[in-house]
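Below, each chain spelled out in residue letters.
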Amino acid sequence: MNQQPLPQRLLQRFRHQLANVDALPQLAILGFAAGLFTGIVIVLFRAAVEFPLSLLLPFKDHENFEGIGPLWRILLPCIGVVVLVLVFSRIATQHRKVGIAHVIERLGFHQGHLPWKNFTNQFIGGVITLMSGQSCGREGPAVHLGASGSSLIGQWLKLPNNSIRTLVGCGSAAAIAACFNTPMAGVIFAMEVIMMEYTIIGFTPVIIASVTAAVVSQAVYGAEPAFIVPQLQMGSLTELPLMITEAVVIGSLAAAFIWLVRFFSRLKFSWWQKFLAVGLATGAIGFYIPEVLGIGYDTVNEILVGNLSWQLLLLLLPCKLIITAAACGAGIPGGIIGPSLLVGATFGALTGLASFTLFPSNTASEGFYAMLGMGAMMGAVLQAPLAALIAVLELTQNPNIILPAMLIIVVANLTSSEIFKQPSIFTALLKEQGVDPTSDPLSQALRRIGVASMMDRRFVRLPRHCSYDDACHALDSKPVWIVIDDKQPRAILLAADLARYLEAKRTNKTDEATDQVDEEAPLLDLLGLPGQRKDIAPLYIQATLQEAREKLRQTGVEALYIQNVGAPLISPINGILTKEDIERYYHLRK
């Protein structure tokens, strides 16, 4: 008898273990692999952007767009979008989808299977976008690259879909950790924004991935966080009303930003016309306000230490908000987290200046209000208050900021979501595409486990028309189900019903005083015998219970036979899964 080589047997066992809902050791291994791969990819992505810019921009500063001449501030964004149009025009429409919204869509409707072509296009498009000074962040491309790369590992190993979903979360967390050097914020971001659920079993692999990617990033770029944050502390409790006012205004700015993104995405122009318009507008604004160009991390650092005038802050705030919304709505392959942090910091700094005017003797610094504004804007735009709070805490490394940060982030979130009824930016983008990423608790529970861990392997296959002896021999292995083949698997029959029928037939023969079955007796028709039968349809072994439930609903059958991906109908069946099995699992887990 031929046996599979040992590595293949071990991999097959690994796959089966991952199909279980409590496969913690196996998921931990995947978390490490995802974190390591994502960390390396993010380092390469940053190098592809920062190394050329450090050669081109003054003082070898890859963020110093403010140092280039006025003419180049116009030309650089325009040249960038022209290159993007030339590159993306050769790409199929479905492969131009990139960014965090694309990751959420693939996770919700394609079980986390992210295409490698979109991965490649995100890398190339993200590099062009950031090198040309578009008003976009690197976090969106980073999350897509991390999630997609981790998903591709799972697809290459043909892992169950429930573990591929976890890999997507691991890659997303690792990307945020590598970008900001904030591993805990990466974990919460993945759970709150990408996976949209918190599970005990999901935390461990995501934490491992986030820490691993942060270590890789620190090994190359050092342990410093993304921003240079001075020591910050609230002056007195009398500042709380001003902080609440800041939160309400920032929540309103977040709602306006999301509305503008939806507005620009609805404009009846082709994608390439939008690209060119965004590039031209970015260059025109950058001519007068160069701080608009690029992600804006260097500008955030200047704001945190109070180096920008209130006149510049007033000009920068609306310009950065509008041009970033236009870039996001047009589909420019960049992120929005970095620019949203700059918008929040800008208004926070203005609030700090107002606080100093009102309470000159006992007030917090301008940087303190700017940091709170960053957290509030991030939380309100993403509708991820906990991720924003953890990010603020990790960036400042100062527990004194927790109380005001909690207050301002929650108020900003409520303002955007409850007063202005705006969803998160990624939900808004997906709804503009006709996709609703929200999921009910039942679907979330069923997505956590693969069919391989629930299918019943106690079955035998018999042709529809078989002899009495063949039917008797099939029952020797004590199966639960009989799979009836009629050129292809057609239905399943309870083995107990077949056994009762054969016993009755044997009894009738005994009554007729014969112990032998006539060799010329007609063949049994298993589809005509009395008994409980269920129509069946195929499902691949990587599927989750949610996919099985959806397959049952679409086909109208009562059971599924589980096969390997791409296996022909004559290949072995791995197991049987019934509608009752799925319902029993859910009721037991409640």
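Every value quoted in this text rests on a predicted model; they were computed, and no experiment measured them. (Residues numbered from 1 in each chain as written. Predicted model: local features only at pLDDT ≥ 70, side-chain atom pairs only at ≥ 80, totals over all residues. Heavy atoms only, no water.)

Undergrad: Explanation requested: the sheet that holds strand 6 (residues 533-540) in the structure shown.
TA: What holds strands together in a sheet is hydrogen bonding between their backbones, with the strands either parallel or antiparallel. Across the sheet, which stays open at both edges, the six strands sit in the order 1-3-4-6-7-8 with mixed pairing between neighbours. Looking at the sheet topology across the chains shown, the edges are occupied by strand 1 (459-463) and strand 8 (575-578). Along the sheet, successive strands turn relative to each other by an average axial angle of 35 degrees, direction set aside. Relative to strand 4 (residues 489-494), strand 3 (residues 481-485) runs antiparallel, the two sharing five bridges. From the neighbouring strand, Asp 485 faces strand 4, where its bridge partner is Pro 489. Along the sheet, helix 22 (residues 545-555) contacts strand 6, strand 7 (559-563) and strand 8; its crossing angle with strand 6, the most-contacted strand, is approximately 130 degrees. (Pairing = 2+ DSSP bridges. Helix = DSSP H or I, 4+ residues; strand = E, 2+ residues; numbered from the N terminus. Axes fitted to C-alpha atoms, helices over the stretch in contact; angles between N-to-C directions. Contact = heavy atoms within 4.5 Å.)

Undergrad: I tried to follow the packing of aromatic side chains on my own but got confused; where do I start?
TA: In this description, a pair of aromatic rings is defined by centroid distance and the angle of the planes. The final tally for this structure, using the stated rule, is ten aromatic pairs. Aromatic side chains Phe 180 and Tyr 297 sit 6.2 Å apart centroid to centroid with 45 degrees between the ring planes, which places their arrangement in the tilted category. Pair noted here: Phe 180 is in helix 7 (residues 161-180) and Tyr 297 is in helix 12 (residues 297-304), with a separation of 117 residues, a long-range link. With relative accessibility at 2%, the residue Tyr 297 sits in the buried group. Both rings, one in Phe 287 and one in Tyr 288, keep their centres 4.9 Å apart while their planes meet at 80 degrees; by these two values the pair is edge-to-face. Linked through ring pairs, Phe 88, Trp 271 and Phe 275 together constitute an aromatic cluster. Positioned above the aromatic ring of Tyr 221 is the side chain of Arg 46, whose terminal nitrogen or guanidinium carbon lies 3.8 Å from the ring centre. (Phe/Tyr/Trp six-rings, centres within 6.5 Å; stacked < 30°, edge-to-face > 60°. Buried < 20%, exposed > 50% of the residue type's maximum accessible area, 1.4 Å probe, protein only. Lys NZ or Arg CZ within 6 Å of the ring centre and 35° of its normal.)

Undergrad: I would appreciate a short explanation of the nonpolar core in the present structure.
TA: Note on soluble globular proteins: their nonpolar side chains tend to be buried together. Formed by 139 residues in total, the largest nonpolar core has its most connected members in Phe 189, Ile 194, Phe 227, Leu 382 and Ile 425. If sequence neighbours within four positions are ignored, Ile 425 has contacts with Phe 257, Ile 258, Val 261, Ile 336, Val 381 and Leu 382. Ala 19, Leu 545, Val 557 and Leu 577 belong to the second largest nonpolar core, which has 20 residues in total. (Core = buried A, V, L, I, M, F, W, Y, C linked by side-chain atoms within 4.5 Å.)

Undergrad: Looking at this structure, how should I read helix 1 (residues 6-18)?
TA: Given 3.6 residues to a turn, an α-helix orients residues that are three or four positions apart in the same direction. The terminal C-alpha atoms of helix 1, which comprises 13 residues, lie 18 Å apart, in line with the 18 Å expected from a rise of 1.5 Å per residue. Within the span of helix 1, buried status applies to Phe 14, Arg 15 and Leu 18. The arc that holds the buried residues of helix 1, viewed along the axis, is 100 degrees, so those residues lie on one side. Its buried side turned inward, helix 1 meets helix 2 (24-56) and helix 7. (Expected span 1.5 Å × (residues − 1). Arc of directions from axis to C-beta.)

Undergrad: What exactly am I supposed to notice about a nonpolar patch on the surface here?
TA: A cluster of nonpolar side chains, contributed by Leu 71, Trp 72, Leu 75, Ile 79 and Val 83, occupies part of the molecular surface with about 460 Å² of accessible area. Secondary-structure assignment places Val 83 in helix 3 (residues 70-88). Among the residues examined, Val 83 registers a relative accessible area of 33% and is labelled partly exposed. (Patch = residues over 30% accessible without salt bridge, like charges linked within 9 Å, V, L, I, M, F, W, Y side chains within 5 Å. Areas by Shrake-Rupley, 256 points an atom, 1.4 Å probe, with all protein chains shown as cover. Salt bridge = Lys/Arg side-chain N within 4 Å of Asp/Glu carboxyl O.)

Undergrad: Got a minute to help me understand the packing of helix 11 (residues 271-288) against helix 13 (residues 310-330) in this structure?
TA: Helix-helix packing is characterised by the crossing angle of the two axes and by the distance between the axes. For the pair helix 11 and helix 13, interaxial distance at closest approach is 9 Å and the crossing angle is 160 degrees. The pairing of helix 11 with helix 13 is recorded here as roughly antiparallel in orientation. Between helix 11 and helix 13 lies a crossing of left-handed hand. Between helix 11, through Lys 274, Phe 275, Val 278, Ala 281, Thr 282 and Ile 285, and helix 13, the contact on the second element is made entirely by Cys 319, Ile 323, Ala 326, Ala 327 and Ala 330. Looking at the contact of helix 11 with helix 13, its residues break down into nine nonpolar, one polar and one charged. (Parallel < 35°, antiparallel > 145°, perpendicular 65-115°, else oblique. Left-handed = near helix turned anticlockwise from the far one by under 90°. Nonpolar A, V, L, I, M, F, W, Y, C, P; charged D, E, K, R; others polar.)

Undergrad: Whenever I open this one, unusual backbone geometry confuses me. Can you help?
TA: Note: most peptide bonds trans; most residues except glycine with negative phi. Positive phi values are uncommon outside glycine, yet Lys 60 reaches one of about 55 degrees. Mapping Lys 60 onto the fold places it in the loop between helix 2 and helix 3. Residue classification places Lys 60 among the exposed residues on the basis of a relative accessible area of 69%. Unlike most non-glycine residues, Lys 478 shows phi in positive territory, near 55 degrees. Along the chain, the position of Lys 478 falls in the loop between helix 20 (468-474) and strand 3. A residue is classified by how much of its surface remains accessible, and Lys 478, at 67% relative accessible area, is exposed.

Undergrad: Just checking my understanding: could you explain the side chain of Gln 134 for this structure?
TA: In this structure, Gln 134 sits in the loop between helix 5 (116-131) and helix 6 (139-156). The class of Gln 134 is buried, set by a relative accessible area of 1%. A distance of 2.9 Å separates the side chain of Gln 134 from the backbone oxygen of Pro 77, its partner in a polar contact. At 3.1 Å, the side chain of Gln 134 forms a polar contact with the side chain of Ser 132. With residues near it in sequence (within four places) discarded, Gln 134 still touches Pro 77, Gly 80, Val 81, Thr 129, Val 278, Gly 279, Thr 282 and Gly 294. (Polar contact = N/O pair within 3.5 Å; in protein donor to acceptor, adjacent residues only side chain to side chain.)

Undergrad: What exactly am I supposed to notice about the pairing of strand 6 here?
TA: Every other side chain in a regular strand lies on the same face of the sheet, so the side chains alternate between the two faces. In the sheet, strand 4 pairs with strand 6 via three bridges, with the strands oriented antiparallel. Within the sheet, the bridge partner assigned to Ala 491 lies in strand 6 and is Asp 535. Between the parallel elements strand 6 and strand 7, the chain passes through helix 22 in a crossover that is right-handed. (Right-handed = clockwise from strand over helix to strand, strands pointing away.)

Undergrad: Where do I start with the environment of Tyr 221 in this structure?
TA: With respect to the element layout, Tyr 221 can be found in helix 9 (residues 200-221). For Tyr 221, a relative accessible area of 29% translates into the label partly exposed. Here Tyr 221 is in contact with Val 43, Arg 46, Ala 47 and Glu 50, once residues within four sequence places are set aside. Here Val 43 takes part through its backbone oxygen, which lies 3.5 Å from a polar atom of the side chain of Tyr 221.

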